[in-house]
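Close look at the chain arrangement
Chain residues, written in single-letter form:
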Amino acid sequence: RVKRAWPELRIFDVEGDVRAADVGERRQVTATVKLGSLSTDDIAVQLAHGRVGASGELTEPAFVRMQTGECDDGVCSFHGEFVTESPGLYGFAVRVVPSHPDVQNEMDLGLLTLA
């Protein structure tokens, strides 16, 4: 069921602070996700964050599960935060993966949506 419905899933918007950081700054990120026929129980929305490398890539990203916010007609907001560990440029990305208690590794199903 999740595999059939996965193409309906879309990340519409990701918002957060992208300016250079000082040590210990708390950064908040919000993502807006259209679930289609999936429910919030079917997915995990994860925030990848870390220092930004010379080519704009995240170097050694850490992942945090984002919390579900308001949902309206299959469109939900998700919220996550992280604390910067050193000064400099920090970046972030959002990914959605399947979530189920019987799945040991969320990447096993080959389903992933990125923004």
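Rules and cut-offs
- Residues numbered from 1 in each chain as written.
- Predicted model: local features only at pLDDT ≥ 70, side-chain atom pairs only at ≥ 80, totals over all residues.
- Heavy atoms only, no water.
- Pairing = 2+ DSSP bridges.
- Helix = DSSP H or I, 4+ residues; strand = E, 2+ residues; numbered from the N terminus.
- 1 Å grid on protein atoms, 1.4 Å probe; cavity = no way out; pocket = protein on both sides within 12 Å on 5 of 7 lines; lining within 4 Å.
- Points joined across faces, edges and corners; volume = space filled by probe spheres on them.
- Nonpolar A, V, L, I, M, F, W, Y, C, P; charged D, E, K, R; others polar.
- Core = buried A, V, L, I, M, F, W, Y, C linked by side-chain atoms within 4.5 Å.
- Buried < 20%, exposed > 50% of the residue type's maximum accessible area, 1.4 Å probe, protein only.
- Contact = heavy atoms within 4.5 Å.

**Points about the sheet that holds strand β7 (residues 90–98)**
Ordered in space as β4-β3-β7-β8, the four strands form an open sheet in which the pairing is antiparallel. Two strands close off the open sheet at either side, each with one partner strand: β4 (58–65) and β8 (113–114). Pairing between strand β3 (residues 43–52) and β7: nine bridges, direction antiparallel. When the sheet's bridge partners are listed, His49 is paired in β7 with Phe92.

**Details of the layout of surface pockets**
There is about 150 Å³ of room inside the largest pocket. What lines the largest pocket is a set of 13 residues, among which Gly50, Arg51, Glu60, Glu85 and Tyr90 lie closest to the centre. Taken together, the elements giving at least two residues each to the lining of the largest pocket come down to β3, β4 and β6 (75–83). Among the elements that take part in the lining of the largest pocket, β4 stands out by supplying four residues, more than any other. Here the lining of the largest pocket is composed, by residue class, of five nonpolar, five polar and three charged.

**A word on the nonpolar core**
Judged by nonpolar contacts, the single largest core of 23 residues is most densely connected at Trp6, Leu38, Ile43, Val45 and Met66. Breaking this core down by element, the ones donating at least two residues are α1 (2–5), β2 (26–34), β3, β6 and β7. Here the element with the most residues in this core is β7; it accounts for four residues. Those residues in contact with Val45, other than ones at most four positions away along the chain, are Val33, Val64, Arg65, Met66, Phe78, Val94, Arg95 and Val96.

**Looking at the pairing of β4**
Alignment of β3 against β4, held across six bridges, turns out to be antiparallel. Bridging across to β4, Arg51 finds its partner in Thr59. The antiparallel pairing of β3 with β4 creates a hairpin that spans five residues between the two strands, and Gly56 there sits at a positive phi of about 85°.

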